[in-house]
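Now for the letters of each chain:
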Amino acid sequence: MATKTYAALLRGINVGGSRKVPMPRLRALLEGLGHGDVRTHLQSGNAVFTADRGDEDSLAAGVTAALEREYGFTVDVLVRDAAYLKAVAAACPFPADTLEGRQLHVTYFSAPVDADRFAALDQGAYLPEEFRLGDRALYLYAPEGLGRSKLAEALARPSVTKGLVATSRNWNTVTKLVEMTDG
């Protein structure tokens, strides 16, 4: 099997002083799993690495298990390959080049989602905020940023995300991960 480049997206670490996973230790953990060219971006759980075996799900399971052994708590991890990350960025239904990075977000999901999951949300009630679905992803336009977004709050409800791992990144991080995985 040929070596591929992946990004690991860790959910809910290094936020609010809890669930600390220092990036140097995360890099060492990934290297200990046999992954190459390991790099991290920011402190919020973005790592890029190469692997010559496994698929996205098995790689994510391996990282999750290693993190639990190392830290004693479970961290949800999504692993996505370079081609997927590039395709998600290219398919953005919003004018990304005219928006600030804090206004546009992508939520990556562990499985495909369809419009039925979001049918109870009255999108008109949240305007000018909007969302669109993509391939195992949701694009969110939040003009005032994620921290002030009522729509983001509604989209994160357990009734909406039930059965899924979901983790969001702002557009600056989305494009940086594409850049970092572009071989």
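Before any of the text, the structure's been laid out above.
Treat the numbers as computed from the prediction; the structure is a model and nothing was measured.

Chemist: Explanation requested: the packing of helix α1 (residues 23-32) against helix α2 (residues 56-71) in the structure shown.
Modeler: The relative placement of two packed helices comes down to the angle between their axes together with the axis-to-axis distance. Packing of α1 against α2 leaves a shortest axis separation of 10 Å and a crossing angle of 125°. Classified by the angle between their axes, α1 and α2 sit oblique to one another. When the axes of α1 and α2 are compared, the crossing they make is right-handed. Together, R25, L26, L29 and L30 of α1 and V63, A66, L67, E70 and Y71 of α2 make up the contact between the two elements. Taken together, the residues of the contact of α1 with α2 sort by class into seven nonpolar, no polar and two charged.

Chemist: Explain the environment of R136 to me, please; I cannot follow it from the model alone.
Modeler: Position of R136 relative to the elements: it lies in the loop between β6 (130-134) and β7 (137-141). You can call R136 buried: its relative accessible area is 17%. Sequence separation between R136 and D114 is 22 residues, and the spatial gap between their C-alpha atoms is 9.1 Å. Excluding residues within four positions of it along the chain, R136 makes contact with E56, R80, Y84, T107, Y108, F109, A111 and P112.

Chemist: What should I look at first to understand the sheet that holds strand β4 (residues 77-81) in this one?
Modeler: For sheets, the rule is that strands pair by backbone hydrogen bonds, running either parallel or antiparallel. If you trace the four strands from one edge of the open sheet to the other, you get β2-β3-β1-β4, paired in antiparallel fashion. Both edges of this open sheet fall to β2 (36-41) and β4, since each of them pairs with a single strand only. Going from strand to strand, the sheet's axes swing by 20° on average, the running direction of each strand aside. Here β2 pairs with strand β3 (residues 46-51) via four bridges, running antiparallel. Paired with G36 across the two strands is T50, which belongs to β3. Contacting β1 (4-10), β2 and β3, α1 crosses the sheet at an angle of about 155° to β2. Most of the contacts of α2 go to β4, to which it runs at about 145°, and overall it touches β1, β3 and β4.

Chemist: Could you clarify how one ought to interpret the sheet that holds strand β5 (residues 104-109) in this entry?
Modeler: Ordered by their spatial adjacency, four strands build an open sheet running β6-β7-β5-β8, and the pairing between neighbours is antiparallel. Strand pairing shows two members of the sheet lacking a second neighbour, β6 and β8 (166-170), which therefore form its edges. For this sheet, the mean angle separating the axes of adjacent strands, direction not counted, is 20°. Bridge count between β5 and β7: five bridges; the pairing is antiparallel. Note that in β7 the partner of V106 across the bridge is Y139. Along the sheet face, helix α3 (residues 82-90) touches β5 and β7 and points at about 140° away from the line of β5. Strands in contact with helix α6 (residues 171-181) are β5 and β8; relative to β8, the strand with the most contacts, it is inclined by about 95°.

Chemist: What am I meant to see in the side chain of H35 here?
Modeler: Inspection of the secondary structure puts H35 in the loop between α1 and β2. Ignoring sequence-local partners within four residues, the contact set of H35 consists of L30, F49, T50, A51 and L59.

Chemist: How should the environment of T98 be read in this particular structure?
Modeler: Inspection of the secondary structure assignment puts T98 in the loop between α3 and β5. Of note is the side chain of T98, whose polar atom sits 2.8 Å from the backbone oxygen of P95.

Chemist: When you look at the pattern of salt bridges in this model, what are you seeing that I'm missing?
Modeler: For side chains of opposite charge, pairing can occur when their charged atoms come near one another. Evaluated as defined, the whole model comprises eleven salt bridges. Residue R102 is joined to E100 by a salt bridge in which the shortest nitrogen-to-oxygen separation is 3.2 Å. A salt bridge links R136 to D135; its shortest N-O distance comes to 3.7 Å. It is possible to trace a salt-bridge network through shared partners that takes in E56, R80, D135 and R136.

Cut-offs applied
- Residues numbered from 1 in each chain as written.
- Predicted model: local features only at pLDDT ≥ 70, side-chain atom pairs only at ≥ 80, totals over all residues.
- Heavy atoms only, no water.
- Axes fitted to C-alpha atoms, helices over the stretch in contact; angles between N-to-C directions.
- Helix = DSSP H or I, 4+ residues; strand = E, 2+ residues; numbered from the N terminus.
- Parallel < 35°, antiparallel > 145°, perpendicular 65-115°, else oblique.
- Left-handed = near helix turned anticlockwise from the far one by under 90°.
- Contact = heavy atoms within 4.5 Å.
- Nonpolar A, V, L, I, M, F, W, Y, C, P; charged D, E, K, R; others polar.
- Buried < 20%, exposed > 50% of the residue type's maximum accessible area, 1.4 Å probe, protein only.
- Pairing = 2+ DSSP bridges.
- Polar contact = N/O pair within 3.5 Å; in protein donor to acceptor, adjacent residues only side chain to side chain.
- Salt bridge = Lys/Arg side-chain N within 4 Å of Asp/Glu carboxyl O.

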